[in-house]
Amino acid sequence: MRARLRTTAAVLGALVLLGAAGCGDNSPGGKGGKLKMGIAVANISLNFAHEMVLGAESAASHAGDVDFKAVGPPNTDGPAEAQLFQNLTATAKDGIVLENLDPPIFTRPAAQAVDKGIPIVALDTSPTDGSKVDFYVGNDNYALGELMAKEALKRLGSDPKGEIVIGVPNPGTPVLDNRAKGISDTFKKEAPDVKVLGPFQTYSDPGQNYSSWSAQVNAHPDALAFLGVGDADSYNLAKIKKAQNGKWLTAGFDVDPKTLEAVKDGSNFVTIDPQHFLKGYLSTAILIDSVRNKDGKLPEGWFLSPGGVVDSSNIDDIIARQKSSTAAYDWYKPTIDKLLGDQKANIKPLKDAR
């Protein structure tokens, strides 16, 4: 994961990555043979999706006898991912983990896959009504937004006054909108003299994201903070702050190498880590176990996966975690064992997912 992590990302830069768990075996799936499974993600080149893929591959590798494939477009493109997902259903007949940023587009393709008897796990974005997908692994994104706001408030003093600007790469995506709402609601509750602006669209594409944030910074030069809820938000805000010698607070989400550098050098006061590797691992491990040991019957509901704050107190530990998939697995293993050891305790009603 890191630039070392980016080595795999370069391979992923096409549309398809073959997992380390094996390929080319034509034996049938099911309990007795090599399982044929995969994962579809919204953007194969951005860190958040790359981490989920690495976590999923790690789980498949540890389980053994899994022919695992990852697919996703090189840029965020819902229709392109939907096509890749549909193509994947032709080969990954034993189960698919589905992450996306445009849920309505996937309602019909997911339902068609379920009708074919393919177990589908929704990852990071909760499934839509009509998708026939009943199991979801994801964060409490509203709570992660609250967490970011509280970290900002710690650094703004006891009675802050002014403006904060919130950015969302893909408005309409529940996972991102819930983070933004958590930030906004917390400021309105805890700091009534702070005016919340946005959320404004900041785009997933790094170039568009940089331009969007530059426009917001120029439009609100006296803002107290600029807070994004996506991957590119983090490192682009840090880049702008350095270029303009900004005194405002900046922060975003995820653990892209450039984001960790920004936390390490103090440009960003935190990054919020949704622990994407962990989610990828959990969703795939549960999928494999369900197919091998429970006749393909997945749990039902929302499997709550944790997240956390990365700041000056733990940045070195997180940088070390990100050096390789092995380092990540070793770091997450106590959490993986705990969550998988008592799955029922971690499942909430799907309708409560946020």
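Bear in mind that the values here come from a model prediction, so they are computed numbers and not experimental data. (Residues numbered from 1 in each chain as written. Predicted model: local features only at pLDDT ≥ 70, side-chain atom pairs only at ≥ 80, totals over all residues. Heavy atoms only, no water.)

K.L.:
Can you tell me about the pattern of salt bridges, naming the residues and giving the values?
P.N.:
Applying the stated criterion across every chain, the model contains 16 salt bridges. One salt bridge in this structure joins Arg-155 and Glu-151, with 3.0 Å as the shortest N-O distance. Pair noted here: Arg-155 and Glu-151 are both in helix H5 (residues 141-155), with a separation of four residues, about one helical turn. Note that Asp-289 and Lys-294 form a salt bridge whose closest N and O atoms lie 3.3 Å from each other. Residue Asp-289 is classed as partly exposed on the basis of its relative accessible area of 25%. Here the salt bridges share partners, and the residues they tie into one network are Glu-151, Lys-154 and Arg-155. (Salt bridge = Lys/Arg side-chain N within 4 Å of Asp/Glu carboxyl O. Helix = DSSP H or I, 4+ residues; strand = E, 2+ residues; numbered from the N terminus. Buried < 20%, exposed > 50% of the residue type's maximum accessible area, 1.4 Å probe, protein only.)

K.L.:
So what about the confidence of the model for the protein? Which residues, and what values?
P.N.:
Mean pLDDT over the protein works out to 92, with 91% of the residues at or above the 70 mark. Within the model, pLDDT remains below 50 along residues 1-30, and this stretch shows 84 contacts once partners closer than five positions in the same chain are excluded. (pLDDT = per-residue confidence, 0-100. Contact = heavy atoms within 4.5 Å.)

K.L.:
Quick rundown of the packing of aromatic side chains? Include the residues and the values.
P.N.:
Summed over the entire model, instances satisfying the criterion amount to seven aromatic pairs. Aromatic side chains Phe-277 and Tyr-332 sit 5.6 Å apart centroid to centroid with 5° between the ring planes, which places their arrangement in the stacked category. Separated by 55 residues along the polypeptide, Phe-277 in helix H10 (residues 276-293) and Tyr-332 in helix H12 (residues 325-341) bring together distant segments of the chain. What makes Tyr-332 buried here is its relative accessible area of 1%. Taken together, Trp-213, Phe-226 and Trp-248 form an aromatic cluster joined through their ring pairs. The ring of Tyr-210 carries Lys-239 above its face, with NZ or CZ at 5.0 Å from the centroid. Lying across the ring of Tyr-235, Lys-258 places its NZ or CZ 4.1 Å from the centre. (Phe/Tyr/Trp six-rings, centres within 6.5 Å; stacked < 30°, edge-to-face > 60°. Lys NZ or Arg CZ within 6 Å of the ring centre and 35° of its normal.)

K.L.:
Explain the nonpolar core to me, using residue names and the numbers behind them.
P.N.:
Met-37, Ile-39, Ile-164, Ile-183, Phe-187 and Leu-227 are the most contacted members of the largest nonpolar core, which has 69 residues in total. Broken down by element, the residue count for this core peaks at nine residues, all from H10. Discounting chain neighbours no more than four positions away, the residues touching Phe-187 are Ala-149, Ala-152, Leu-153, Leu-156, Ile-164, Pro-192, Val-194, Val-196 and Leu-227. Formed by 18 residues, the second largest nonpolar core is a distinct cluster that contains Leu-84, Leu-88, Ala-113 and Ile-118. (Core = buried A, V, L, I, M, F, W, Y, C linked by side-chain atoms within 4.5 Å.)

K.L.:
Tell me what's going on with empty space enclosed by the protein, and back it up with residues and numbers.
P.N.:
On inspection of all chains with the given rule, the structure shows two cavities of 30 Å³ or more. The calculated volume of the largest cavity comes to roughly 150 Å³. For the largest cavity, the lining is made up of 18 residues, of which Phe-48, Leu-176, Gly-230, Asp-231 and Asp-254 are closest to its centre. If you list the elements that add at least two residues to the lining of the largest cavity, you get helix H6 (174-190) and helix H8 (231-244). By residue number, the principal contributor to the lining of the largest cavity is H8, which donates three residues. Among the residues making up the lining of the largest cavity, the classes are represented as eight nonpolar, five polar and five charged. Reported here for the second largest cavity is a volume of approximately 100 Å³. Contributing to the lining of the second largest cavity are 14 residues, with Leu-98, Asn-100, Phe-106, Pro-127 and Thr-128 lying nearest its centre. Elements represented by at least two residues in the lining of the second largest cavity include exactly helix H4 (107-115) and strand S5 (120-123). Looking at the lining of the second largest cavity residue by residue, the class counts come to eight nonpolar, six polar and no charged. (1 Å grid on protein atoms, 1.4 Å probe; cavity = no way out; pocket = protein on both sides within 12 Å on 5 of 7 lines; lining within 4 Å. Points joined across faces, edges and corners; volume = space filled by probe spheres on them. Nonpolar A, V, L, I, M, F, W, Y, C, P; charged D, E, K, R; others polar.)

K.L.:
Can you explain the pairing of strand S3 (residues 66-71)? Please cite residues and give values.
P.N.:
Judged by how many residues are buried, S3 sits mostly within the fold: five of six residues are covered. A crossover links strand S2 (residues 35-40) with its parallel partner S3, the connecting element being helix H2 (residues 47-63), and its sense is right-handed. (Right-handed = clockwise from strand over helix to strand, strands pointing away.)

K.L.:
Lay out the packing of helix H7 (residues 206-219) against H8 in plain terms, naming residues and giving numbers.
P.N.:
Look at H7 against H8: their axes get within 9 Å of each other, and the N-to-C directions meet at 50°. Here H8 runs oblique to H7, going by the angle between their axes. The handedness of the crossing between H7 and H8 comes out as right-handed. Contacts between H7 and H8 involve Pro-206, Asn-209, Tyr-210, Trp-213, Ser-214, Val-217 and Asn-218 from the first element and Ala-232, Asp-233, Tyr-235, Asn-236, Leu-237, Lys-239, Ile-240 and Gln-244 from the second. Of the residues contributing to the contact of H7 with H8, the split by class is eight nonpolar, five polar and two charged. (Axes fitted to C-alpha atoms, helices over the stretch in contact; angles between N-to-C directions. Parallel < 35°, antiparallel > 145°, perpendicular 65-115°, else oblique. Left-handed = near helix turned anticlockwise from the far one by under 90°.)

K.L.:
Before we move on, could you go through the layout of surface pockets and cite the residues and values that matter?
P.N.:
If you add up the space inside the largest pocket, you get close to 180 Å³. Around the largest pocket sit 13 residues that line it, and Ile-120, Lys-132, Asp-134, Gly-296 and Leu-298 are the ones nearest its centre. Looking at side-chain class alone, the lining of the largest pocket contains eight nonpolar, one polar and four charged residues. There is about 150 Å³ of room inside the second largest pocket. As for the second largest pocket, its lining consists of Tyr-235, Asn-236, Ala-238, Lys-239, Lys-242, Lys-258, Glu-261, Ala-262 and Asp-265.

K.L.:
Account for the sheet that holds strand S7 (residues 162-168), with residues named and values stated.
P.N.:
Spatially, S8-S7-S9-S10-S11-S13 is the arrangement adopted by the six strands of the open sheet, whose pairing is mixed. Each of the sheet's edge strands pairs with one partner strand only, and the pair in question is strand S8 (194-201) and strand S13 (308-310). Recorded for the sheet is a direction-independent mean angle of 20° between the axes of neighbouring strands. Bridging between strand S10 (residues 249-253) and strand S11 (residues 271-273) involves two bridges; their strand directions are parallel. Pairing of Phe-253 across the sheet is with Ile-272, part of S11. Against the sheet, H7 contacts S7, S8 and strand S9 (225-228), and its axis sits at roughly 155° relative to S9. (Pairing = 2+ DSSP bridges.)

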